[in-house]
Amino acid sequence: MQYWLFKTEPHCFGIEDLKNAPDQTTSWDGVRNYQARNFMKSMKKGDLGFFYHSGKNPEIIGVVEVVKEAYPDHFAWDMFNRHFDPKSTPEKPLWYMVDVKLAEEFAEPLPRKMLAQEPVLAGMELMRKGSRLSVQPVGKEHFEHIMSMAKK
């Protein structure tokens, strides 16, 4: 089992959008960073990830489960889509996506400022200054600690 963090702007696609999606499942598309793409390509069905609202009030709001492993992001081939990339083709895709399903919405969101006060989370990618990856790994110890915080 691997653990992840999926960042999204709540006004683009927030937890409410995921809750209202069919079967509370969606493709995690539009990732246009090679490192984040490679993380998605290494995801396995059953992996868990935090659903993170970025923006003015960054916070972890819940947990998603990877329900479909990486497959080509076909939105990169659609010239009318905001994620279009003319260098990506069906024959040679550059970008990938996974499908995620809502596993849990936290009763209370965990603001990044609160997370930053936890010494055990100091080594977490999210806490690194300048870290902007929209998909990033989370260590098991960090995942478990955040889950314990969410249960309090």
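Residues numbered from 1 in each chain as written. Predicted model: local features only at pLDDT ≥ 70, side-chain atom pairs only at ≥ 80, totals over all residues. Heavy atoms only, no water.

Asker: Give me the lowdown on the overall build of the chain, citing residues and values where you can.
Answerer: A tally of regular secondary structure across the chain gives five helices and six strands. Rg of the C-alpha trace for the chain: 15 Å, near the compact-globule value of 15 Å for 152 residues, within the 12% margin. Along the first, second and third principal axes, the C-alpha set of the chain runs to 45 × 30 × 30 Å. Looking at the 152 residues of the chain, the share that counts as buried comes to 44%. In the chain, the share of contacts with a sequence separation of at least 24, taken over all contacts with a separation of at least 6, comes to 71%. About 8,500 Å² of surface is accessible on the chain, with carbon and sulfur atoms providing 52% of the total. In the chain, 21 positive and 21 negative side-chain charges are present, and the distance between their average locations comes to 6 Å. (Helix = DSSP H or I, 4+ residues; strand = E, 2+ residues; numbered from the N terminus. Rg over C-alpha atoms; globule rule 2.2 N^0.38 Å. Buried < 20%, exposed > 50% of the residue type's maximum accessible area, 1.4 Å probe, protein only. Contact = heavy atoms within 4.5 Å. Areas by Shrake-Rupley, 256 points an atom, 1.4 Å probe, with all protein chains shown as cover. Lys, Arg positive; Asp, Glu negative; His and termini not counted. Charge placed at Lys NZ, Arg CZ, Asp CG, Glu CD.)

Asker: Give me the side chain of Glu59: which residues, what numbers.
Answerer: With respect to the helices and strands, the residue Glu59 is situated in strand β4 (residues 59–72). Look at Glu59: it is buried, it has no salt bridge, and the nearest opposite charge is Lys113 at 11 Å. The contacts of Glu59, once residues within four sequence positions are left out, are Phe51, Tyr52, His53, Pro109, Leu110, Pro111 and Arg112. (Salt bridge = Lys/Arg side-chain N within 4 Å of Asp/Glu carboxyl O.)

Asker: Give a description of helix α3 (residues 34–41) that names residues and reports values.
Answerer: Listed as buried for α3 are Ala36, Arg37, Phe39 and Met40. Projection of α3 onto a plane perpendicular to its axis shows the buried side chains occupying an angular sector of 155°, all on one side. Where α3 is buried, its residues contact β1 (3–8), β2 (25–28), β4, β5 (96–111) and β6 (135–138). For α3, the capping residue at the N-terminal end is Asn33, with a side-chain oxygen 2.9 Å from the backbone nitrogen of Gln35. (Arc of directions from axis to C-beta. Polar contact = N/O pair within 3.5 Å; in protein donor to acceptor, adjacent residues only side chain to side chain.)

Asker: Report on the packing of aromatic side chains, specifying residues and quantitative values.
Answerer: Under the criterion given, the structure shown has seven aromatic pairs. Taken together, a centroid distance of 4.3 Å and an interplanar angle of 25° make the contact between Tyr3 and Phe143 stacked. Placement of the pair is Tyr3 in strand β1 and Phe143 in helix α5 (residues 140–151), with a sequence separation of 140 residues. Each member of the pair, Tyr3 as well as Phe143, is classed as buried. Residues Trp28 and Phe51 carry aromatic rings whose centres are separated by 5.8 Å and whose planes lie at 85° to one another, so their mutual orientation is edge-to-face. You can see Trp28 sitting in strand β2 and its partner Phe51 sitting in strand β3 (residues 48–53), a full 23 residues away along the chain. Residue class for Trp28 comes out buried when judged on its relative accessible area of 8%. Classification of Phe51 as buried rests on a relative accessible area of 0%. (Phe/Tyr/Trp six-rings, centres within 6.5 Å; stacked < 30°, edge-to-face > 60°.)

Asker: Can you explain the pattern of salt bridges? Please cite residues and give values.
Answerer: All told, the structure shown has seven salt bridges when counted by the stated rule. Here Lys101 and Asp23 are joined by a salt bridge, their closest N and O atoms 2.9 Å apart. Taken together, the positions of Lys101 in strand β5 and Asp23 in the loop between α2 (15–20) and β2 put the pair 78 residues apart, joining distant regions of the chain. On the accessibility criterion, Lys101 (25% relative accessible area) is partly exposed. Here Asp73 and Arg32 are joined by a salt bridge, their closest N and O atoms 3.0 Å apart. Pair noted here: Asp73 is in the loop between β4 and β5 and Arg32 is in the loop between β2 and α3, with a separation of 41 residues, a long-range link. By relative accessible area, which is 0% here, Asp73 ends up buried. Given a relative accessible area of 28%, Arg32 falls into the partly exposed group. A network of salt bridges, in which partner residues are shared, links Glu16, Lys19 and Glu105.

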